[in-house]
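If you want the building blocks of each chain, they are given just below.
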Amino acid sequence: MRSDLTLMNNDQAPTISLVVFIDALGWEVLKGRRFMEARLPFRRKLRSVFGFSSACIPSILTGLMPREHRHWSFFYYSPKTSPFKPLRLLGWLPRSLVDRGRVRNAISKLIKRLYRYTGYFQLYNIPFKYVDKFDYCEKKDLFVPGGMNGGENIFDHLQRAGIPYHVSDWRQSEAINLESLKADLSQGKIAFALLYMASMDALLHEVGKGSPQVDQKLAWYETQLEEVMRVAEAHYAQVRLFVCSDHGMATIHTQLDLMSKIEGLGLTFGRDYTATYDSTMGRFWFHNQAARERIGALLEQVPQGRILRQPELQQLGCDFVGDQFGELIFLVDAGVLILPSHMGLKPITGMHGYHPDDPDSNASLLSNVEPPNDPQSITDMFHLMRAESGA
Ligand SMILES: [Zn+2]
């Protein structure tokens, strides 16, 4: 052995556990692909949690179901606590002006700054004339101690245990986050790292899981992670690598204009009912019995989805105190996209946020060692991270 290598080995810290989170790297996305097969021979699917990343990521970070950490879809009906009352004035301006993507992004950024929100904040397409009826559930940064609405996240545990760790800044690009991780690894002082890679999700929404662009992106991740491993292995005697995700991506085959159907009933938004339309769900609050019955009856007749009843919501861990996120939840079948919705106005190729039983909802866990505690669900990632870090 060359002397410089011997010297390096003497300087090495014992072990590092690296958890690499790749948003939307679903089990079905990986099917038929050989992504990092040699490096990561331990491969398993993980059951996802019902909801979008705004629900799944908190479950990964806490090991809790949405009912417990109280993060689900971003907007919920709460006129008394709505911080958005001043925005209602924008509802008087022509929609062609205020509803441009760039204008909405600028307003979202301004609110985030004014209200000192540290979480991910985006107004999406929630109409300004109704925005004062809603509150928002991710005001705080999830990736720091104290970031959860309910329960504790892995960072609370790491901090309390005094374990030196690295976590990506989700506001930065993947390239910057990779550099920042490698810089910390080179110091050899951290014992645990969570690398956050967000751009796979956007690509899969745009091009769908079957696209060759997905293969290119996976090849890029592979190159980047090999480089991370090279740096880690130079400074640590053992590198335990786990690549995981929060959900997969279904391919859209049908668009459903749920909003027009509901508006066709002639009920008044805000007086009879309040609704918010996510890409895969309609969520309703009723202000009188007639509205409850008529909307319920209409939804029963929509063949592209179904109403989720209380026992099922309970089983999914999405039964919330006071029906916080909707008194009635209508979920569409996998591959159906609600359009327009309050999340988007344009058709896209891929979507997630369907029932966790759908195979395209499954997330994945790939590793170079047998993962501890036999993880089955994305919530088990929290227990894996505790076991790996000793927190
Ligand atoms: Zn997404």
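Cut-offs and rules
- Residues numbered from 1 in each chain as written.
- Predicted model: local features only at pLDDT ≥ 70, side-chain atom pairs only at ≥ 80, totals over all residues.
- Heavy atoms only, no water.
- Disulfide = S-S within 2.5 Å.
- Donors = N, O, S within 2.8 Å, 3.2 Å for Na, K, Ca; no water.
- Tetrahedral: all angles 85-135°; square planar, octahedral: opposite > 155°, others 65-115°.
- Helix = DSSP H or I, 4+ residues; strand = E, 2+ residues; numbered from the N terminus.
- Buried < 20%, exposed > 50% of the residue type's maximum accessible area, 1.4 Å probe, protein only.
- Pairing = 2+ DSSP bridges.
- pLDDT = per-residue confidence, 0-100.
- Contact = heavy atoms within 4.5 Å.
- Polar contact = N/O pair within 3.5 Å; in protein donor to acceptor, adjacent residues only side chain to side chain.
- Phe/Tyr/Trp six-rings, centres within 6.5 Å; stacked < 30°, edge-to-face > 60°.
- 1 Å grid on protein atoms, 1.4 Å probe; cavity = no way out; pocket = protein on both sides within 12 Å on 5 of 7 lines; lining within 4 Å.
- Points joined across faces, edges and corners; volume = space filled by probe spheres on them.
- Nonpolar A, V, L, I, M, F, W, Y, C, P; charged D, E, K, R; others polar.

## As for the state of the cysteines
By the definition in use, this model includes zero disulfides. Unpaired in terms of disulfides, Cys 244 finds its nearest cysteine sulfur in Cys 56, a separation of 11 Å.

## A look at the coordination of the zinc ion
With distances of 2.1 to 2.4 Å, the protein atoms coordinating the zinc ion are Asp 201 (OD), Asp 201 (OD), His 205 (NE2) and His 352 (NE2). Around the zinc ion, the four donor atoms sit at angles spanning 56 to 146 degrees, and that spread fits a shape best called irregular. One chain supplies every donor to the zinc ion, and in sequence these donors are spaced D-x3-H-x146-H. With a gap of four residues between them, Asp 201 and His 205 both fall in helix α9 (residues 199-207), about one helical turn apart. By the burial criterion, Asp 201 is buried, and His 205 matches it.

## Brief notes about the pairing of strand β7 (residues 236-244)
Each regular strand shows side chains that alternate between the opposite faces of the sheet. Burial within β7 is extensive, with seven of its nine residues counted as buried. Of the strand pairs in this sheet, β7 and strand β16 (residues 363-367) are connected by three bridges, and their pairing is antiparallel. From the neighbouring strand, Val 243 faces β16, where its bridge partner is Leu 366.

## Here's the deal with the confidence of the model for the chain
Regions with low pLDDT carry predicted coordinates that are not meant to be interpreted in detail. Of the residues in the chain, 97% reach a pLDDT of 70 or more, and the chain-wide mean stands at 93. A low-confidence stretch, residues 1-8 (pLDDT under 50), is modelled with three contacts involving residues beyond four sequence positions or located in other chains.

## With respect to the side chain of Glu 388
Residue placement: Glu 388 occurs in helix α14 (residues 380-389). We classify Glu 388 as buried; its relative accessible area is 13%. At 2.5 Å, the side chain of Glu 388 and the side chain of Ser 17 are in polar contact. Ignoring sequence-local partners within four residues, the contact set of Glu 388 consists of Ser 17, Arg 240, Phe 242 and Pro 372.

## A short note on the packing of aromatic side chains
Under the defined criterion, the tally for this structure stands at 23 aromatic pairs. Judged by centre distance (5.5 Å) and plane angle (65 degrees), the rings of Tyr 76 and Phe 325 are edge-to-face. On the criterion of sequence distance, the pair formed by Tyr 76 in strand β3 (residues 75-77) and Phe 325 in the loop between α13 (310-315) and β13 (328-332) is long-range, its members being 249 residues apart. Within the aromatic cluster, the residues linked to one another by ring pairs are Phe 74, Phe 75, Tyr 77, Phe 84, Tyr 120, Phe 134, Tyr 136, Trp 170 and Trp 285.

## A look at the pairing of β16
Where burial is concerned, most of β16 is hidden: five out of the five residues are buried. Residues Ala 363, Leu 365 and Ser 367 of β16 are buried on one face, and the alternating residues Ser 364 and Leu 366, pointing to the opposite face, are buried as well. As paired strands, strand β2 (residues 42-46) and β16 are joined by five bridges and run antiparallel to one another. Residue pairing across strands places Arg 44 opposite Leu 365, the latter belonging to β16.

## What about the layout of surface pockets?
Looking at the largest pocket, its volume works out to about 1,700 Å³. In terms of lining residues, the largest pocket is bounded by 48 residues, among which Tyr 120, Gln 122, Tyr 124, Asp 201 and His 205 are the most central. Put simply, the parts of the chain that give the lining of the largest pocket at least two residues each are α3 (53-62), α6 (101-114), α8 (174-187), β6 (192-197), α9 and β14 (336-338). The element contributing the most residues to the lining of the largest pocket is α6, with six residues. Counted as a void, the second largest pocket has a volume near 200 Å³. Around the second largest pocket, the lining comprises 13 residues; the ones closest to its centre are Arg 95, Pro 127, Met 259, Glu 263 and His 342. Tallied by class, the residues present in the lining of the second largest pocket amount to seven nonpolar, three polar and three charged.

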